2 protein chains.
Amino acid sequence: MVEDKENSASAGQEPVSKKAAKKQAKLAKKAEHKADTAAALAANEAAGDNAADHAAARYGLSEMIQSKDKRSEREFVTVPELSAHVGKGLVWVRGRVHTTRAKGKQCFLILRQQSSTVQCILAVGDIISKQMVKFAGNIPKESIIDIQAKAVAVPTKIESCTEQSLELSVEQIFVISQAKAQLPLQIEDASRPENADDAEGLNIRVNQDTRLDNRVLDLRTPANQAIFRLEAGVCRLFRDILTEKGFTEIHTPKIISAASEGGANVFTVSYFKDSAYLAQSPQLYKQMAIAADFDKVYTVGAVFRAEDSNTHRHLTEFVGLDLEMAFKYHYHEVLHTIGNTFTAIFKGLRDKYSREIEAVGQQYKVEPFKFLEPPLILQFAEGVAMLREAGIETGDEEDLSTPNEKLLGRLVKAKYDTDFYILDKFPLAIRPFYTMPDPNNPMYSNSYDMFMRGEEILSGAQRIHDPEYLIERAKHHGIDITKIAAYIESFRYGCPPHAGGGIGMERVVMLYLGLDNIRKTSMFPRDPKRLTP
Amino acid sequence: MVEDKENSASAGQEPVSKKAAKKQAKLAKKAEHKADTAAALAANEAAGDNAADHAAARYGLSEMIQSKDKRSEREFVTVPELSAHVGKGLVWVRGRVHTTRAKGKQCFLILRQQSSTVQCILAVGDIISKQMVKFAGNIPKESIIDIQAKAVAVPTKIESCTEQSLELSVEQIFVISQAKAQLPLQIEDASRPENADDAEGLNIRVNQDTRLDNRVLDLRTPANQAIFRLEAGVCRLFRDILTEKGFTEIHTPKIISAASEGGANVFTVSYFKDSAYLAQSPQLYKQMAIAADFDKVYTVGAVFRAEDSNTHRHLTEFVGLDLEMAFKYHYHEVLHTIGNTFTAIFKGLRDKYSREIEAVGQQYKVEPFKFLEPPLILQFAEGVAMLREAGIETGDEEDLSTPNEKLLGRLVKAKYDTDFYILDKFPLAIRPFYTMPDPNNPMYSNSYDMFMRGEEILSGAQRIHDPEYLIERAKHHGIDITKIAAYIESFRYGCPPHAGGGIGMERVVMLYLGLDNIRKTSMFPRDPKRLTP
């Protein structure tokens with residue numbers, strides 16, 4: 001067993017009680033035995049023969065890092081920082097073994113840190129032994145290692161790494177966390193471009209379920225590292241832009257006493273001796289916040305839909321980006337606020353996440369996302385007319401089917417060259433009971449959807465803020481008034497006119513990046529057939 | 001019916017189909033009838049007699065704002081902006097009737113906008129009629145009104161309003177949304193200082209349940225307006241500080257297939273033909289994100305505890321501010337990161353939310369929150385010693401009871417003058433199975449709690465990143481290994497040492513402000529007995 005001396009210094013240990021010391025001694029002995037076994041295995045594997053090993057202290061399996069000692073003095077350098085260390089002294093780097101290959105007296109190892117990679121070399125000589133080269137060549141892929149090395153400039157570009165102009169000449173190498181030798185999927189396969197030239201089908205692909213079953217490995221691909229960083233960016237931009245506009249963040253309960261939007265697709269929860277439901281949206285609560293004088297609010301949180309839909313764009317649990325806003329006279333005050341928020345998000349992504357967009361593009365065929373400023377607003381009736389012009393039969397009060405929605409997206413893209421647009425004035429008949437009817441045309445309502453690449457990502461409307469009118473509309477929809485009494489009651493003490501909308505976060509990321517499945521943008525997706533990991 | 005002429009201009013109406021026009025006419029007639037009835041009532045109420053009303057066009061009930069017309073040209077001014085309009089022309093203001101009182105030829109009305117108030121005057125004369133004064137005096141409290149008025153400087157301070165140096169001389173007044181005449185609670189009562197001199201008990205108090213049953217009204221008090229704005233600030237600071245430190249936001253599923261932290265206090269959900277659970281924490285998922293190379297992650301979201309605890313500090317659903325971070329050698333790298341994050345949050349609140357803190361202080365007795373920089377870190381054993389010194393009998397491996405926790409907080413405050421401290425090295429026996437034991441003393445673990453005003457607000461630890469050791473510890477705790485297979489599996493492909501913690505958001509806000517009940521800091525609280533509103 002080669003120990004990391006620097007790290008095992010016992011300085012700084014706290015004094016312990018006698019009883020504790022006894023227990024500790026027992027545990028320490030056990031740990032020692034375990035370590036010995038591991039060390040023996042490692043030594044055997046590495047040595048191959050019994051030749052003396054002049055590098056014995058410079059490699060091996062590290063003890064499990066259990067915070068035994070105070071902070072190490074070692075200063076670690078990240079892979080992107082390495083270029084500043086070329087030609088200088090030794091540095092420490094922690095990363096994963098992306099690939100490793102020992103051949104004769106040399107070992108080539110690629111070290112990966114998130115999406116960055118650098119080539120490392122061990123060559124037998126004064127510092128490195130034959131055994132050390134063999135050891136390095138046998139470290140299972142994906143293991144986490146610490147290396148001490150010198151950064152050296154290389155004459156020809158290393159095409160296979162993100163650091164192309166340097167390599168690391170390794171002097172020490174320790175395994176911090178060893179991976180299983182057999183991986184359920186190879187990062188290389190999971191990272192392979194989808195549109196790569198592969199006429200003979202020789203390249204292995206990793207299917208969606210294998211990826212999700214082994215999500216911890218799958219998430220390590222450069223595309224996935226980028227997708228979820230960009231997703232964090234979407235949330236950050238959403239919040240920052242709305243905060244700037246005077247919105248207040250609120251938190252709404254997920255466990256509710258009555259199914260807020262009809263009982264069909266709601267999950268039931270056992271609540272002590274009662275039953276409760278999982279909120280299908282924060283709708284009623286964000287409206288109550290408006291009635292409670294918060295004026296403009298948003299909330300980011302889980303929403304639940306018990307729909308048995310196994311499609312590319314449905315999840316049973318997703319993250320809702322919801323907002324609600326009081327207005328003075330016309331719900332377009334809100335519609336424009338939301339539209340402009342999207343424009344600002346698209347600009348923020350384009351300007352601050354270009355590296356992530358590029359990384360995703362290297363695996364998936366991504367057409368840049370196009371948008372207009374200010375955003376395009378069409379009337380629902382105009383959309384229907386465009387569809388009819390394209391030969392589609394669709395009724396005036398008929399909701400857009402998924403194929404029609406997509407077709408309309410293509411028609412809009414062809415005519416206006418935008419991947420984002422707003423469809424205003426949906427038919428009243430196809431919207432929830434709390435939607436304000438259009439006072440100028442009873443067939444329509446003051447409601448809107450917003451679309452990215454031809455798929456709906458926001459649904460919103462002016463809400464009815466008058467309690468009597470709300471009851472009338474609820475009854476019209478056959479809703480049991482007693483079950484929404486608290487909701488209706490909240491409008492009896494004065495409530496400003498207001499409108500809002502709910503955005504599906506995963507859909508926004510999927511469609512912004514032009515991906516084909518929402519499971520690619522949910523870190524741990526839930527659908528009718530998947531509850532794990 | 002006095003109509004708001006400016007707002008009812010029919011310019012800009014869209015053309016409608018014949019069928020729609022017919023429907024519309026019907027609806028319009030109905031609406032007209034309704035408005036007429038309301039108008040008649042209002043007119044009767046206002047007129048008192050049949051005298052001609054020269055102000056008839058300048059007051060009344062407005063039609064329901066249904067976005068009939070394009071945006072109004074009216075420019076609205078907020079109450080805090082009014083001081084810039086003193087002595088200038090007419091302005092429009094929308095707000096609530098806080099109080100109103102007509103007496104003879106004058107009406108004094110206080111208009112409230114969130115936490116701002118301004119006095120408004122209507123006096124009979126060329127512009128205002130007797131009927132208009134009566135109308136204004138009869139508007140139910142909490143109704144939303146639009147007024148057009150001139151801002152006028154006043155010689156003596158108006159103590160009862162936030163705008164103390166001006167009043168509004170009203171020329172038009174319209175009710176936008178009328179409140180019920182009988183309110184279930186009075187804002188004035190709900191806003192009354194708790195520590196006010198009230199020896200004779202003449203002042204009405206509003207109890208917690210009445211407040212929560214009528215949350216939409218209760219939330220309108222200045223203290224509540226401030227509490228939830230400060231709460232939004234806590235989340236914002238938490239996220240911004242961690243983003244600055246290189247953390248990535250993630251989202252973790254709330255519906256899970258197995259109870260993550262033992263089955264005792266978990267809610268069950270019907271999941272199609274199966275059963276599932278509501279996550280008691282994002283623990284396993286944020287660790288998987290670390291194993292998946294995200295390095296430093298945080299997540300803000302709902303967590304659920306099916307505990308039948310009816311205390312001042314337990315909720316069945318609350319917002320968790322969770323973080324997890326890979327470290328190099330010692331979990332104190334993480335402990336210090338979390339400690340410094342708290343310091344930065346406290347500073348941010350102190351510097352950016354002083355107005356909110358003051359507003360809460362006007363209702364509740366709030367001692368300023370004290371903290372040290374860097375934060376105080378004590379060993380668990382030191383805490384035990386301090387308690388024993390104070391005469392408390394407590395075991396070395398015994399968890400802190402709530403009274404002991406509070407007492408220790410007072411002892412720490414007395415000795416170190418801080419309301420925030422960290423207790424490190426908790427006994428292993430009282431921590432979850434995935435907690436890393438202390439390698440230097442088997443009685444303890446690499447775990448910590450953090451406290452505000454003597455109550456726990458964060459629990460955290462180094463986690464076991466070695467799968468075999470994790471299995472050993474899980475078995476020791478009697479946990480069914482098959483149920484956490486996916487969790488254990490995620491450490492088999494290389495995982496860096498890591499630590500983290502989970503913070504209860506509502507507790508942080510409650511304790512920062514020195515409030516006595518967590519229901520004061522949850523907008524719509526959930527406890528074993530409360531599922532509404």
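Bear in mind that the values here come from a model prediction, so they are computed numbers and not experimental data. Counting restarts for each chain: residues are numbered from 1 in the order of the written sequence. Following the order in which they are written, the chains are lettered starting with A and the ligands numbered starting with 1. It should be noted that, the model being predicted, local features are given only for residues of pLDDT at least 70 and side-chain atom pairs only at 80 or more, the latter also being counted only at that level, while totals for whole chains, interfaces and linings use all residues. The side-chain numbers reported here are obtained from all heavy atoms of the structure, hydrogens and water having been left aside.

## Quick look at the overall build of chain A
Scanning chain A from N- to C-terminus turns up 15 helices and 17 strands. For chain A, the residues scored as buried account for 57% of the 533 residues in total. Throughout, a contact is declared for two residues whenever any of their heavy atoms are within 4.5 Å. Considering only contacts within chain A whose residues lie at least 6 apart along the sequence, 70% involve residues at least 24 apart. Every accessible area reported is derived by Shrake-Rupley at a probe size of 1.4 Å, with residue values counting cover from the shown protein chains alone. For chain A, the accessible surface area stands at approximately 21900 Å², while carbon and sulfur atoms represent 50% of it. The numbering of helices and of strands both runs from the N terminus, where a helix is a DSSP run of H or I of at least 4 residues and a strand a run of E of at least 2. A simple rule labels every residue: compare its accessible area, found with a 1.4 Å probe on the protein chains alone, to the largest value its type can have, and call it buried under 20%, exposed over 50%, or partly exposed in between.

## Observations concerning the side chain of A:Ser522
Residue and element names in this part refer to chain A. Looking at the element boundaries, Ser522 is found in the segment after α15 (505–512). On the basis of relative accessible area, Ser522 is assigned to the buried category, the value being 7%. With residues near it in sequence (within four places) discarded, Ser522 still touches Arg215, Phe228, Leu315 and Glu506.

## So, the pattern of salt bridges
Note on definitions: salt bridges are taken to be side-chain nitrogens of Lys or Arg within 4 Å of carboxyl oxygens of Asp or Glu. According to the stated counting rule, one finds 70 salt bridges over all chains in the structure shown. With a shortest N-O distance of 2.8 Å, A:Glu324 and A:Arg463 are connected by a salt bridge. Taken together, the positions of A:Glu324 in strand β12 (residues 317–326) and A:Arg463 in the loop between β16 (455–462) and α13 (467–476) put the pair 139 residues apart, joining distant regions of the chain. For the pair A:Glu324 and A:Arg463, one class covers both residues: buried. Notably, a salt bridge pairs B:Arg519 with B:Asp527, separated by 2.9 Å at the nearest N-O pair. Just as B:Arg519 is buried, B:Asp527 falls in that class too.

## Points about the sheet that holds strand β17 (residues 498–504) of chain A
Residues and elements named next belong to chain A. Two strands qualify as a pair provided that DSSP identifies no fewer than 2 bridges between them. Strand order in the open sheet made by the 8 strands is β7-β11-β12-β17-β16-β15-β14-β13, with mixed pairing throughout. The open sheet terminates on both sides in strands that have one partner only, identified here as β7 (248–249) and β13 (376–379). Strand direction decides the pairing type here: strand β14 (residues 420–424) and strand β15 (residues 447–452), joined by 5 bridges, are antiparallel. Directly across from Ile422, in β15, lies its bridge partner Met450. Interaxial angles span 0 to 180 degrees and are taken between N-to-C directions of axes, which are lines fitted to C-alpha atoms, for helices over the stretch in contact. Relative to the sheet, helix α9 (residues 332–352) contacts β12, β13, β14, β15, β16 and β17, its axis offset from that of β15 by approximately 10 degrees.

## Details of unusual backbone geometry
Keep in mind that most residues, glycine aside, have a negative phi and that most peptide bonds are trans. Note that the residue after A:Thr532, namely A:Pro533, is joined by a cis bond; omega there is -5 degrees. Although it is not a glycine, B:Asp295 sits at a positive phi angle of roughly 70 degrees.

## Description of the confidence of the model for chain A
Regions with low pLDDT should not have their predicted coordinates read in detail. Residues and elements named next belong to chain A. Mean pLDDT over chain A stands at 90; residues scoring 70 or higher make up 88%. The quantity called pLDDT is the predictor's confidence in a given residue, expressed from 0 to 100. Across residues 1–16 the pLDDT falls below 50, and counting only partners more than four positions away or on other chains, this stretch makes 33 contacts in the model. Scoring of the predicted complex yields 0.91 for pTM and 0.90 for ipTM.

## Structural notes on the packing of helix α7 (residues 222–244) of chain B against helix α10 (residues 354–363) of chain B
Residue and element names in this part refer to chain B. Axis separation between α7 and α10 bottoms out at 8 Å; the angle between their running directions is 140 degrees. Between α7 and α10, the angle falls in the class oblique. Two packed elements cross with a definite hand, and for α7 against α10 that hand is left-handed. Across the interface between the two elements, Pro222, Ala223, Ala226, Ile227, Arg229 and Leu230 of α7 pack against Glu356, Ile357, Ala359, Val360 and Gln363 of α10. Within the contact of α7 with α10, the residues separate by chemical class into 8 nonpolar, 1 polar and 2 charged. Note on terminology: angles under 35 degrees are roughly parallel, angles over 145 are roughly antiparallel, angles of 65 to 115 are roughly perpendicular, and the others are oblique. Rotating anticlockwise by less than a right angle from the far helix to the near helix defines a left-handed crossing, while the corresponding clockwise rotation defines a right-handed one. Residue type decides the class: Asp, Glu, Lys and Arg count as charged, Ala, Val, Leu, Ile, Met, Phe, Trp, Tyr, Cys and Pro as nonpolar, and the leftover types, Gly among them, as polar.

## Looking at the sheet that holds strand β16 (residues 455–462) of chain B
Residue and element names in this part refer to chain B. Spatial strand order, β7-β11-β12-β17-β16-β15-β14-β13: 8 strands in an open sheet with mixed pairing. The open sheet has two edge strands with one neighbour each: β7 (248–249) and β13 (376–379). The pairing of strand β11 (residues 296–304) with strand β12 (residues 317–326) spans 9 bridges and is antiparallel. By the bridge assignment for β12, Lys296 is matched with Met325. In the packing of helix α11 (residues 380–389) onto the sheet, contacts are made with β13 and β14 (420–424), and the angle to β13 comes to roughly 80 degrees.

## A closer look at the pairing of β17(A)
Residues and elements named next belong to chain A. Within β17, 6 of the 7 residues are buried, which leaves the element mostly enclosed by the surrounding structure. Both β12 and β17 contribute to a ladder of 7 bridges, which runs antiparallel. Across the sheet, residue Leu323 finds its bridge partner in β17, namely Gly501.

## Comments concerning the pairing of β16(A)
All names here are of chain A. Where burial is concerned, most of β16 is hidden: 6 out of the 8 residues are buried. For β16 and β17, the ladder comprises 5 bridges, and the chain directions are antiparallel. In the strand pairing of β17, Ala461 is matched with Gly500.

## Things to note about the nonpolar core
What is meant by a nonpolar core is a set of buried Ala, Val, Leu, Ile, Met, Phe, Trp, Tyr and Cys residues, joined one to another through side-chain atoms within 4.5 Å. Formed by 90 residues in total, the largest nonpolar core has its most connected members in A:Phe342, A:Phe420, A:Tyr448, A:Met450, A:Met452 and A:Ile457. Here this core gets 11 residues from one element, more than from any other, and that element is helix α7 (residues 222–244) of chain A. In terms of nonpolar packing, the next biggest core, distinct from the first, is built from 89 residues, A:Ile176, A:Ile484, B:Phe342 and B:Ile457 among them.

## So, α7(A)
Residue and element names in this part refer to chain A. With 23 residues, α7 extends 32 Å from end C-alpha to end C-alpha; this agrees with the ideal 33 Å at 1.5 Å per step. Within α7, 18 of the 23 residues are buried, which leaves the element mostly enclosed by the surrounding structure. Of the residues trailing α7, Gly246 is marked for its positive phi of about 95 degrees. Multiplying 1.5 Å by the helix residue count minus one yields the expected span of that helix.

## A few points about the interface of chain A and chain B
Taken residue by residue, the interface counts 130 residues in chain A and 133 residues in chain B. Looking at the side of chain A facing chain B, the largest losses of area belong to A:Tyr329, A:Asn440 and A:Tyr493, adding up to 9% of the total buried there. The salt bridge involving B:Asp293 is made with A:Arg96; its shortest N-O contact spans 2.7 Å. If you tally residues by element for the side of chain A that touches chain B, the top one is α7(A), at 11 residues. Here the side of chain A that touches chain B is built from residues that sort into 58 nonpolar, 32 polar and 40 charged. Once two parts are joined, some of their accessible surface, as seen by a 1.4 Å probe, is lost; buried area is that loss totalled over both.

## Some points on the relation of the copies chain A and chain B
Mapping between the two chain copies consists of a rotation about an axis together with a translation along that axis. The atoms used to superpose the copies are C-alpha atoms, taken from residues with pLDDT of at least 70 in both, and the fit is least squares. In screw terms, the move from chain A to chain B is a rotation of 180 degrees and a rise of 0.0 Å along the axis, fitting with an RMSD of 0.0 Å. Such a combination of turn and shift is consistent with a two-fold rotation axis. It is A:Val269 whose C-alpha, among those of chain A, lies nearest the rotation axis, at 2.2 Å.

## Considerations on the side chain of B:Glu333
Residues and elements named next belong to chain B. Counting through the fold element by element, Glu333 comes out in helix α9 (residues 332–352). According to the relative accessible area criterion, Glu333 is buried, its value standing at 16%. Looking at Glu333, its side chain comes within polar contact range of the main-chain nitrogen of Lys328, at 2.8 Å. Polar contacts here mean pairs of N or O atoms no more than 3.5 Å apart (in protein, one a potential hydrogen donor and the other a potential acceptor; neighbouring residues in sequence count only if both atoms are side-chain atoms).

## Some points on the domain arrangement of chain A
Residues and elements named next belong to chain A. Domain start and stop points were drawn from an automatic or database domain assignment. Splitting chain A by domain gives domain 1 (59–177), domain 2 (187–197 + 204–220) and domain 3 (223–520). In this structure, domain 2 and domain 3 have C-alpha centres spaced 31 Å apart. Contacts between the two partners involve 13 residues from domain 2, matched on the other side by 10 residues from domain 3. Approximately 950 Å² of surface area, both sides summed, lies buried where domain 2 meets domain 3, with 40% of it carried by carbon and sulfur atoms. For the interface between domain 2 and domain 3, the tally reads 0 salt bridges. Seen at the junction of domain 2 and domain 3, the total is 5 residue pairs in polar contact (both at pLDDT 80 or more). Where the side of domain 2 that touches domain 3 is concerned, the elements lending two or more residues are α4 (187–191), α5 (208–213) and α6 (215–218). When residues in the side of domain 2 that touches domain 3 are grouped by element, the largest group, 3 residues, is from α5. For the side of domain 2 that touches domain 3, a count of residues per class yields 4 nonpolar, 3 polar and 6 charged.

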